[in-house]
Amino acid sequence: MRKKVYEQYCNVLFLDKQVHNLGVQEKVWVANRENPLSDASSSKLELSEDGNLVMLEGSSKIPIWSTNLKNPLSNSTEAVLLDDGNFVLRDSSNKNTIFWESFDHPTDTWLPGAKLGIDKITGKSKQLISWKNSEDPAPGMFSFRLAVGPNGSSRFMLEWNRSQMYWSTGVWDEKKKSFSLALDMFMNYINPRFVSNENESYLTYSIKSSSSSSRIRFVIKSSGQLQQLAWSERSWVWTLFWSRPENAFDVYGLCGAFGVNYENISNPCVCLNGFKPFSIGETYLSDWSGGCVRKSPLQCMNNTYANVKKDWFMKIQNLSFPVNSKAHSAVSAMNCEGACMNNCSCTAYANSSGFCMIWEGTLLNLQQPTDGVKAGQDIYLRLAADENRVADEYQKTKIMIELIVILIIRIRQQTESVGNFSSAGHCNRNRAYLIPLNLLLKEAKAHTQAQSR
């Protein structure tokens, strides 16, 4: 049996005795998410001589992870998991003296009482960072953090790769106790509190006593969505109350380099033609951070480029423009293609509103709606000559699929005309009729010829 990736990490579980008896375990904090264990069976968590909490593996004395406190600690130090999910290192003789706490080092989950914000003294951000995928707690591509503007305004942002914002709460309104673009983020059962002083700025929240649920948490998923979940005492499951963005289609870079995000599909990511997933295992876990890679190298990368077939461009319809394009003055379609062909770094081009746009390097944030809406543009993707045969097979497959759909539609249409066909069996109110085979073949032949022109 394949070993679970998260068994290489030290986790804190958010549960109580009743929930545990039902087998429900939610990992809300991971100690060593940047340094996984190689042998979990030989690992141990213990207090070192200087009072720090350390994780050791095997016979090694070098910690895999440590609370890493510099000042000498009390001889009566203890590590305790509190009822609110906070894992603390404290003085056992004075339990209010806390030396270290997991709430100061959040991973992907924000629990009541924890702070998200900025330490103005150290400049360190207390932010949420997604898991890499559903099984690997290593830091993923998506994060949720506080941003303070030049005028002192505060808002939280969802970011891809710690750099590209794709959703914002809007500015915090202290009077309304809400964010301008996320009025429904804190419902009637949550008390938010925003604090800003010379030392720090942070947001925390508590649960109202009138709430029907005593357990609420915010989680940034490996899909890039921030979710609010509440525990249902009636059905004994975590219930999704709120999610942003509402649609994963609006998550930036979800499908990685050369991956296309298709709207309203359960598995939305697909590689562009001529590309394959960087890792089949990771994409199986819905982790497309590695994106897609070429199946065949471009001919322009070959030193003997002049003696081989040249690269070519495949037209892809209704696709959102990738970021980081370079726009050139209005030129003809042929000149635009030539400008891209003569630059080996150019991976795609498009003609839009009189401008020739070319893209160099990886193509990111490619999106295509699936409901027939014309929301994108035609883009010409650079492929190796070796991909010509693959593209031809793709086109043949596409024609066959279209042909089957047409035949099915024609069968349905013809069954409405009872007088033109003989009955296929006993006639009743739910009649079935046969269509002459020669008529279907004649229509199929005409469609195939039209597609091949």
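If you're wondering where the values come from, they're calculated on a predicted model, not measured in any experiment.

### Some details on the overall build of the chain
- A count of helices and strands for the chain gives 5 helices and 32 strands.
- Counting every position in the chain, which comprises 453 residues, the buried fraction comes to 42%.
- Nonlocal contacts in the chain, meaning residues at least 24 apart in sequence, comprise 48% of its contacts between residues at least 6 apart.
- Of the roughly 25,300 Å² of accessible surface on the chain, 51% is carried by carbon and sulfur atoms.

### Quick look at the nonpolar core
- By size, the foremost hydrophobic cluster in this structure holds 69 residues, and its most contacted members are Trp110, Phe144, Met185, Phe186 and Leu272.
- Top element by residues in this core is strand 27 (residues 312-319). It accounts for 4 residues.
- Discounting chain neighbours no more than four positions away, the residues touching Trp110 are Lys115, Leu116, Leu128, Met185, Phe186, Leu203, Thr204, Tyr205, Arg217 and Phe218.
- Of all hydrophobic cores here, the second largest spans 8 residues; its members include Met341, Cys346, Tyr349 and Cys356.

### Quick look at the pairing of strand 30 (residues 355-360)
- Bridging between strand 29 (residues 346-352) and strand 30 involves 6 bridges; their strand directions are antiparallel. Directly across from Cys346, in strand 30, lies its bridge partner Glu360.
- Here strand 29 folds back onto strand 30, and the loop between the two strands holds 2 residues, one of which, Ser353, carries a positive phi near 50°.

### What to know about the sheet that holds strand 13 (residues 139-148)
- Spatial ordering of the open sheet is given by 12-13-14-15, a layout of 4 strands whose pairing is antiparallel. Sheet topology places strand 12 (128-131) and strand 15 (164-168) at the edges, where each strand pairs with a single neighbour. Each neighbouring strand pair of the sheet contributes to a mean axis angle of 30°, computed without reference to strand direction.
- Across 3 bridges, the pairing between strand 12 and strand 13 is antiparallel. Bridge assignment links Ile129 to a residue of strand 13, and that residue is Ser143.

### Here's the deal with the packing of aromatic side chains
- Summed over the entire model, instances satisfying the criterion amount to 25 aromatic pairs.
- A ring pair is formed by Phe218 and Trp242, whose centres lie 6.3 Å apart and whose planes are at 75°; its orientation type is edge-to-face. Of this pair, Phe218 sits in strand 20 (residues 216-220) while Trp242 is found in strand 22 (residues 237-244), placing the two residues 24 residues apart along the sequence.
- Taking relative accessible area as the criterion, Trp242 reaches 4% and is therefore assigned buried.
- Ring geometry for Trp231 against Trp236: centres 5.8 Å apart, planes inclined by 75°, an arrangement best described as edge-to-face.
- Classification of Trp236 as partly exposed rests on a relative accessible area of 28%.
- An aromatic cluster of at least three residues, connected via ring pairs, comprises Trp110, Phe144, Phe156, Trp167, Trp172, Phe179, Phe186, Phe194, Tyr205, Phe218 and Trp242.
- Over the ring of Tyr202 we find Lys115; its NZ or CZ atom is 4.4 Å from the centre of that ring.

### Considering the side chain of Asn365
- For Asn365, the location among the structural elements is in the loop between strand 30 and strand 31 (366-368).
- Of note is the side chain of Asn365, whose polar atom sits 3.0 Å from the backbone nitrogen of Gly253.
- Apart from residues no more than four positions distant in its own chain, Asn365 is found in contact with Val251, Tyr252, Gly253 and Ser320.

### Focus on the sheet that holds strand 7 (residues 87-91)
- If you walk across this open sheet you meet the 3 strands as 6-7-8, and the pairing is antiparallel. Of all the strands in the sheet, the pair left with one neighbour each is strand 6 (77-81) and strand 8 (94-101). Here the average twist between neighbouring strands, direction ignored, is 40°.
- Note: strand 7 against strand 8, 4 bridges, orientation antiparallel. In the strand pairing of strand 8, Val88 is matched with Glu101.

### Side note on the environment of Glu159
- Along the chain, Glu159 falls in strand 14 (residues 154-160).
- The class for Glu159 is buried, based on a relative accessible area of 4%.
- Along the chain, Glu159 and Phe142 lie 17 residues apart, while their C-alpha atoms are 5.6 Å from each other.
- Ignoring sequence-local partners within four residues, the contact set of Glu159 consists of Met141, Phe142, Ser143, Arg145, Gln164, Met165 and Tyr166.
- At a separation of 2.9 Å, a polar atom in the side chain of Glu159 contacts the side chain of Arg145.

### As for the pairing of strand 3 (residues 43-47)
- When strand 3 meets strand 4 (residues 53-57), the two strands line up antiparallel, connected through 5 bridges. Bridging from a neighbouring strand, Ser43 pairs with Glu57 of strand 4.
- Remark: 5 residues form the turn of the hairpin made by strand 3 and strand 4, two consecutive strands paired antiparallel; Gly51 in that turn has positive phi of roughly 95°.

### Brief notes about the confidence of the model for the chain
- Of the residues in the chain, 75% reach a pLDDT of 70 or more, and the chain-wide mean stands at 80.
- Confidence over residues 13-22 falls short of pLDDT 50; this stretch has 22 contacts with residues more than four positions distant or in other chains.
- Note that pLDDT drops below 50 for residues 415-437; the model gives that stretch 20 contacts with residues more than four away or on any other chain.

### Here's the deal with the state of the cysteines
- In this structure the tally under the stated criterion is 5 disulfides.
- Between the sulfur of Cys300 and that of Cys344 lies a disulfide, 2.0 Å long from S to S. Disulfide Cys300 to Cys344: torsion about the S-S bond roughly 75°, handedness right-handed. Taken together, the positions of Cys300 in the loop between strand 26 (292-294) and strand 27 and Cys344 in the loop between helix 3 (333-341) and strand 29 put the pair 44 residues apart, joining distant regions of the chain.
- The exposure class of Cys300 is buried, given its relative accessible area of 16%.
- Take Cys344: its relative accessible area is 25%, and that puts it in the partly exposed class.
- Disulfide pairing places Cys340 opposite Cys346 at an S-S distance of 1.9 Å. The disulfide joining Cys340 to Cys346 has a torsion of about -100° about its S-S bond and is therefore left-handed.

The rules behind these values
- Residues numbered from 1 in each chain as written.
- Predicted model: local features only at pLDDT ≥ 70, side-chain atom pairs only at ≥ 80, totals over all residues.
- Heavy atoms only, no water.
- Helix = DSSP H or I, 4+ residues; strand = E, 2+ residues; numbered from the N terminus.
- Buried < 20%, exposed > 50% of the residue type's maximum accessible area, 1.4 Å probe, protein only.
- Contact = heavy atoms within 4.5 Å.
- Areas by Shrake-Rupley, 256 points an atom, 1.4 Å probe, with all protein chains shown as cover.
- Core = buried A, V, L, I, M, F, W, Y, C linked by side-chain atoms within 4.5 Å.
- Pairing = 2+ DSSP bridges.
- Axes fitted to C-alpha atoms, helices over the stretch in contact; angles between N-to-C directions.
- Phe/Tyr/Trp six-rings, centres within 6.5 Å; stacked < 30°, edge-to-face > 60°.
- Lys NZ or Arg CZ within 6 Å of the ring centre and 35° of its normal.
- Polar contact = N/O pair within 3.5 Å; in protein donor to acceptor, adjacent residues only side chain to side chain.
- pLDDT = per-residue confidence, 0-100.
- Disulfide = S-S within 2.5 Å.

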